[in-house]
Amino acid sequence: MIEIINLVKSFGDKKITRGLNLTIKDNDFLAIIGRSGEGKSVLLKQIIGLIKPDLGKIIIDGQNISELDKKDLENIYKKCGYVFQFAALLDSLNILENVGITMLENNEPIENVKIKVTERIKSVGLEEDVLYKYPSELSGGMKKRVGLARTLMLSPKILIYDEPTTGLDPITARIIHELVKKTHENLNATTIVISHDIEIFKYANTVAMLYEGKIIYTGPTKDIWECDNPYIYQFIRGLASGPITNKAEDKLK
Ligand SMILES: Nc1ncnc2c1ncn2[C@@H]1O[C@H](COP(=O)(O)OP(=O)(O)O)[C@@H](O)[C@H]1O
Ligand SMILES: [Mg+2]
């Protein structure tokens, strides 16, 4: 279980996370939604320890991560796989090297690396012939798959995706969502997907909405279409990038 308690983070005088509370149950598939610039990536980076919160606690499997030393923290984060917003592949390395990077850094024999990478590449629906290609030779959807394959090398129990479908056409986006769901089921993992793509509601079990630095709503995805929370209402009707209207503000009061 992941418990986030009263999390606060500012950059200079810009408050981003403003007393955020959220509990994520084991094996849940949670979608965190919110507009661009709302602080979704900043929240994820705090969960995975890339950004240190100013205040508050993040408790993963009973351990307050801000109290752990470097070694214990590394052990916690071995459980977490993070798939970056833009696949974040290294352009100068081929796919075999990108996916197998940790094994290669640990000087494992290339044959072993190749076997494991091939297995992972196939599990995300790619063929062996991509192994010796470079990221620039792949489509956006393929790069996302490679990013996921690299994360899966660590057999994580918590999988965190930042905007997995951003920049993809609707068909490729759907394929990626289905892959995220399949991976969730196969690994029996806890899955957290940050998104502004409401298609994610078809796949996630739980939805949490981030607004003004706080989680203002959580609930089962199946209830989302009947939900009368005004922010959710606006969001799912495609006004996510526009201003919150007075009507919506009034409804919340
Ligand atoms: N390392 C940083 N230093 C300063 N400001 C940052 C940093 N990271 C993010 N921000 C700011 O925090 C806000 C939220 O960013 P982000 O979490 O990336 O939004 P999104 O919800 O689109 O993922 C933005 O205004 C961004 O400019
Ligand atoms: Mg982001």
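Residues numbered from 1 in each chain as written. Chains lettered and ligands numbered in written order. Predicted model: local features only at pLDDT ≥ 70, side-chain atom pairs only at ≥ 80, totals over all residues.

Draft legend 1. Focus on the environment of I198. Mapped onto the secondary structure, I198 falls in the loop between β8 (190–195) and β9 (206–211). Judged by local crowding, I198 falls into the partly exposed class, with 16 C-beta atoms found within 10 Å. On a C-alpha basis, the gap between I198 and L131 in space is 33 Å, while along the polypeptide they are 67 residues apart. (Helix = DSSP H or I, 4+ residues; strand = E, 2+ residues; numbered from the N terminus. Buried ≥ 20, exposed ≤ 12 C-beta atoms within 10 Å, placed from the backbone.)

Draft legend 2. View of the site of ligand 1. Taken together, F11, I16, G34, S36, G37, E38, G39, K40, S41 and V42 make up all the residues around ligand 1. At three residues, the largest contribution of residues to the shell around ligand 1 is made by helix α1 (residues 40–47). Considered class by class, the residues forming the shell around ligand 1 number three nonpolar, five polar and two charged. (Near = placed C-beta within 6 Å. Nonpolar A, V, L, I, M, F, W, Y, C, P; charged D, E, K, R; others polar.)

Draft legend 3. The arrangement of the sheet that holds strand β4 (residues 55–60) in detail. Overall, antiparallel pairing links the four strands, which are arranged β2-β1-β4-β5 in an open sheet. Strands with a single pairing partner mark the edges of an open sheet, and in this sheet they are β2 (14–24) and β5 (63–64). Where strand β1 (residues 2–11) lies against β2, eight bridges are found, and the strand directions are antiparallel. Paired with S10 across the two strands is K15, which belongs to β2. Its contacts with the sheet place α1 against β1, β2 and β4, and it is angled at close to 60° to β2. (Pairing = 2+ DSSP bridges. Contact = placed C-beta atoms within 7 Å. Axes fitted to C-alpha atoms, helices over the stretch in contact; angles between N-to-C directions.)

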